[in-house]
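# Examining the three-dimensional arrangement
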Amino acid sequence: MNACLITGAILAVMLAFAHSFLGERFIIMRLLRRTELPHLFGSDRFTRQTLRFVWHLASVAWVGMAAVLVAFTLPDPMRSRSLALQAVSIAFLVHAFVAFFATRARHLAWIVFLAIALAAWLGIN
C-alpha cells in the first residue's frame, strides 16, 4: 500500500469530521441565530437549511475523496478505477439525499447530484 495516499486519506477524513463538528459549533450555529437572513419561499427556513447542508456537503466530498485515495492504493488498476468510481457515485448520492431531505426537494441541486451519482455508477463497467 502507498503510505502517502493512505496518509492523505486519513487526513481528509479527519479534516471532514473537524470541519463538520467545529463548523457547526462555531460558525453555522452562530450564523443561523442571525435574524436578517434572506427569506426564500416565504421564510428564512430554506436559507438556514441550505446553509447548513452546503456546509456539511464539503465534508461528505472530502470523505469521498479519501475513499478515492484509498482505491488508488490497490495493485489492480481496474479494481482501483472501479472502487474510485463507486466512491464518487456514493458521495454524490449522499449529496443528493442530503439536498433533497434538508430542503424538502426545494433546492434543485439534488437532481444534478443524483445524475452525477448515476453517471459515475454507470461508468464503472
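For the chain, the count of helices and strands is four helices and zero strands. Start at the N end of the chain and walk to the C end: the helices and strands fall as α-α-α-α. Structurally, the chain occupies a C-alpha span of about 55 × 30 × 15 Å along its principal axes. Taking all 125 residues of the chain together, the buried fraction comes to 30%. Contacts in the chain between residues at least 24 apart in sequence constitute 63% of all its contacts with a sequence separation of at least 6. Of the roughly 7,800 Å² of accessible surface on the chain, 75% is carried by carbon and sulfur atoms. The average position of the 11 basic charges and that of the 4 acidic charges among the side chains of the chain differ by 4 Å.

For the rest of this paragraph, the subject is the side chain of E24. Tracing the chain through its elements places E24 in helix α1 (residues 3-32). Assessed through its relative accessible area of 18%, E24 is described here as buried. Apart from residues no more than four positions distant in its own chain, E24 is found in contact with H19, M29, R52, W55 and H56.

Here we come to helix α4 (residues 109-122). Along its 14 residues, α4 runs 20 Å from first to last C-alpha, staying within 8% of the 20 Å computed at 1.5 Å per residue. Among the residues making up α4, those that are buried are A109, F113, A117 and A120. Buried positions in α4, seen along its axis, are confined to an arc of 75 degrees and lie on one side of it. Turned more than 90 degrees from where α4 packs its buried face, A119 and L122 sit exposed. Each element contacted by the buried residues of α4 is listed here: α2 (45-71) and α3 (77-102).

The next subject is the nonpolar core. Counting six residues, the largest nonpolar core is built from F53, L57, A96, A99, A109 and F113. Broken down by secondary-structure element, the contributors of at least two residues to this core are α2, α3 and α4.

Before going further, it helps to spend a moment on a nonpolar patch on the surface. Side chains of I90, V94, L118, W121 and L122 sit close together on the surface and give an oily, nonpolar patch of about 490 Å² of accessible area. Counting residues per element, the nonpolar patch draws most heavily on α4, which supplies three residues. Within the secondary structure, L122 is located in helix α4.

For the structure shown, the criterion picks out three salt bridges. A salt bridge links R34 to E36; the nearest nitrogen and oxygen atoms lie 2.6 Å apart. The closest approach of N and O atoms between D44 and R48, which form a salt bridge, is 2.8 Å. Judged by relative accessible area, D44 falls into the buried class, the value being 17%.

When pLDDT drops low, the exact placement of atoms in the prediction is not to be read closely. Considering every residue of the chain, the mean pLDDT works out to 93; 99% of them sit at 70 or more. Summarising per-element confidence for the chain, the mean pLDDT is lowest in α2 (93) and highest in α4 (97).

Rules used in this analysis
- Residues numbered from 1 in each chain as written.
- Predicted model: local features only at pLDDT ≥ 70, side-chain atom pairs only at ≥ 80, totals over all residues.
- Heavy atoms only, no water.
- Helix = DSSP H or I, 4+ residues; strand = E, 2+ residues; numbered from the N terminus.
- Buried < 20%, exposed > 50% of the residue type's maximum accessible area, 1.4 Å probe, protein only.
- Contact = heavy atoms within 4.5 Å.
- Areas by Shrake-Rupley, 256 points an atom, 1.4 Å probe, with all protein chains shown as cover.
- Lys, Arg positive; Asp, Glu negative; His and termini not counted.
- Charge placed at Lys NZ, Arg CZ, Asp CG, Glu CD.
- Expected span 1.5 Å × (residues − 1).
- Arc of directions from axis to C-beta.
- Core = buried A, V, L, I, M, F, W, Y, C linked by side-chain atoms within 4.5 Å.
- Patch = residues over 30% accessible without salt bridge, like charges linked within 9 Å, V, L, I, M, F, W, Y side chains within 5 Å.
- Salt bridge = Lys/Arg side-chain N within 4 Å of Asp/Glu carboxyl O.
- pLDDT = per-residue confidence, 0-100.

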